[in-house]
Amino acid sequence: MTKGRFCAICGTTKGPFVKNLCEECYFKEYTIDVKLPKQLIFKLCPSCGTISITGMSVNPFLVEQDFDIVLRELARSKITENIKSDIPFRYEFKEDDISLEKINQGYKKFKIIIIFYFKPEIQFREIEKEFEVEIKIRKATCEQCIRYKTGYHEAVLQVRGTNRKLHETEEKEVEDLLQQELENSSSNSNYLTDIQINKDGVTANVSTKLFAEELAKKIKEKMAARYSVAYTLVTQTRDKQDVYRNTYLVKLPEFIKGDIVNFADKTWIVINTKAEEVILLSLEEHKEKKINRKKFEKTAKKRNDEIFEREYMYLSDEGDSILVMTMDTYENFEEPKDKIPKEMQIGETLKGFILDEKNYYFPKKVKPNKKS
Ligand SMILES: [Zn+2]
Ligand SMILES: [Zn+2]
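The rules we used
- Residues numbered from 1 in each chain as written.
- Chains lettered and ligands numbered in written order.
- Predicted model: local features only at pLDDT ≥ 70, side-chain atom pairs only at ≥ 80, totals over all residues.
- Heavy atoms only, no water.
- Donors = N, O, S within 2.8 Å, 3.2 Å for Na, K, Ca; no water.
- Tetrahedral: all angles 85-135°; square planar, octahedral: opposite > 155°, others 65-115°.
- Buried < 20%, exposed > 50% of the residue type's maximum accessible area, 1.4 Å probe, protein only.
- Helix = DSSP H or I, 4+ residues; strand = E, 2+ residues; numbered from the N terminus.
- Pairing = 2+ DSSP bridges.
- UniProt positions renumbered as here; feature names shortened; annotations may be inferred.
- Salt bridge = Lys/Arg side-chain N within 4 Å of Asp/Glu carboxyl O.
- Patch = residues over 30% accessible without salt bridge, like charges linked within 9 Å, V, L, I, M, F, W, Y side chains within 5 Å.
- Areas by Shrake-Rupley, 256 points an atom, 1.4 Å probe, with all protein chains shown as cover.

Asks: What am I meant to see in the coordination of the zinc ion (ligand 1) here?
Replies: When a metal carries six donors in an octahedron, the ideal angles between them are 90 or 180 degrees, while four donors in a tetrahedron ideally lie at 109.5 degrees. Those donors, Cys7 (SG), Cys10 (SG), Cys22 (SG) and Cys25 (SG), are the protein atoms that reach the zinc ion (ligand 1), and they lie 2.3 Å from it. The coordination sphere of the zinc ion (ligand 1) comprises four donor atoms, whose angles at the metal cover 102 to 113°; the geometry is tetrahedral. Going along the chain, you hit the donors of the zinc ion (ligand 1) in the pattern C-x2-C-x11-C-x2-C. For cysteine 7, a relative accessible area of 1% corresponds to the buried category.

Asks: Explain the pairing of strand β21 (residues 332-336) here, please?
Replies: Consecutive residues of a regular strand have side chains that alternate between opposite faces of the sheet. Side chains Phe333 and Glu335 of β21 all project onto a buried face; the interleaved residues Asn332, Glu334 and Pro336 project onto a face where none is buried. Sheet topology note: the strand β20 (residues 321-326)/β21 ladder contains five bridges and is antiparallel. In the strand pairing of β21, methionine 325 is matched with asparagine 332. Between β20 and the antiparallel strand that follows it, β21, lie five residues; tyrosine 330 among them carries a positive phi value of about 55°.

Asks: Explain the UniProt feature "domain: Nmd3 N-terminal" (unreviewed entry) in the protein chain here, please?
Replies: The residues that UniProt annotates with the feature "domain: Nmd3 N-terminal" (unreviewed entry) are residues 7-252. As annotated, residues 7-252 has a helix share of 27% and a strand share of 35%, and its two end C-alpha atoms lie 85 Å apart.

Asks: Any chance you could explain the sheet that holds strand β14 (residues 260-263) here in plain terms?
Replies: Sheet strands associate in pairs through backbone hydrogen bonding, adopting either a parallel or an antiparallel arrangement. Spatial strand order, β17-β16-β15-β14-β18: five strands in an open sheet with antiparallel pairing. The open sheet is flanked by β17 (288-292) and β18 (301-302), the only strands paired with a single partner. As paired elements, strand β16 (residues 277-282) and β17 share five bridges and run antiparallel to each other. Along β17, the bridge assignment pairs isoleucine 279 with lysine 290.

Asks: Honestly, the pattern of salt bridges in this entry has me stumped. Any pointers?
Replies: When charged atoms on two side chains of opposite charge get close, those side chains can pair. If you walk through the whole model with that rule in mind, you get 23 salt bridges. Across the pair aspartate 317 and lysine 337 runs a salt bridge whose closest N-O atoms are separated by 3.0 Å. Taken together, the residues span a long stretch of sequence, with aspartate 317 in strand β19 (residues 308-317) and lysine 337 in the loop between β21 and β22 (349-355) at a distance of 20 residues. Assessed through its relative accessible area of 35%, aspartate 317 is described here as partly exposed. Connected via shared salt-bridge partners are Arg226, Arg293 and Glu297.

Asks: What exactly am I supposed to notice about a nonpolar patch on the surface here?
Replies: A contiguous nonpolar patch, built from Val229, Tyr231, Leu233 and Tyr244 and spanning about 400 Å² of accessible area, is present on the exposed surface. Tallying contributions element by element places strand β12 (residues 226-236) first for the nonpolar patch, with three residues. Looking at the secondary structure, you find leucine 233 in strand β12.

Rendered as structure tokens:
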């Protein structure tokens, strides 16, 4: 009911009224107060293409998006990140003049228009107001690129063998894995400033501790490795804060696929090494066995360096035994049937070795590791 009421300013009796004012007079007095930045200055890194502004940073190449799309998204979220209002509101962005073409042509200034809709009183209509924000682009080498160029790194990743050198295939596997992780990374703060492969193993300088830890974990999972972290004091910041560099030491298993070992008074070839267990194949019975890795590593003895590789021919099956001929001396001798791989057929040649004056035969599925 509006009977008997009138607007305190214009005197109209046509309601509704809020604070004794009609809708028109109410909005004449009303000021919309939204704090928006008038201007946003973005940095564009000429080295890596990263677009950044305080607290936000995106590399269009890494996220595989066009520059204009990234710039627009960043600008929009920066414009709206801190809007607060006691009055219910909504907003929408109008079309802007940011385009890939203009960016490529070197334009450095753009305009974004945002319209706010407010509804201060439920009885009254919604009102709108347009705001304009200027977007500027300034070329500046980003912090990551400066760090990269100066070789800055927070961590060192060392990949080593346990009581042994790395095999060439392992060096390659580690190198490929690092490369893969770099390619998969969507953050340009993940980089390596240096990779060295030498007699010690693989060593890489890693941009951040977090990335180094990620890499250490990946190698651990993939290669049944173990890792530990050491902290070295490298410097002090201006405000006397200690700066540490982390070294992630990743140790690959002492025994790996293809190793010839003595364990529990038998001769074996390692089929696979996992985090907690080792799978062995007995070269006396050609049977697989799983052994707890810790237990195995305590007493196993590697014999790779002592074997003399040879070739043989499987001549005939004599029931309980078989007849084998050495290909170097054409000497025939009997062996228990279990001693040669079950998949061998009569007439086939097979590879093996002499160790402690006994002959052993390799299964087809695993090759022996080269002498270290
Ligand atoms: Zn009025
Ligand atoms: Zn950069």
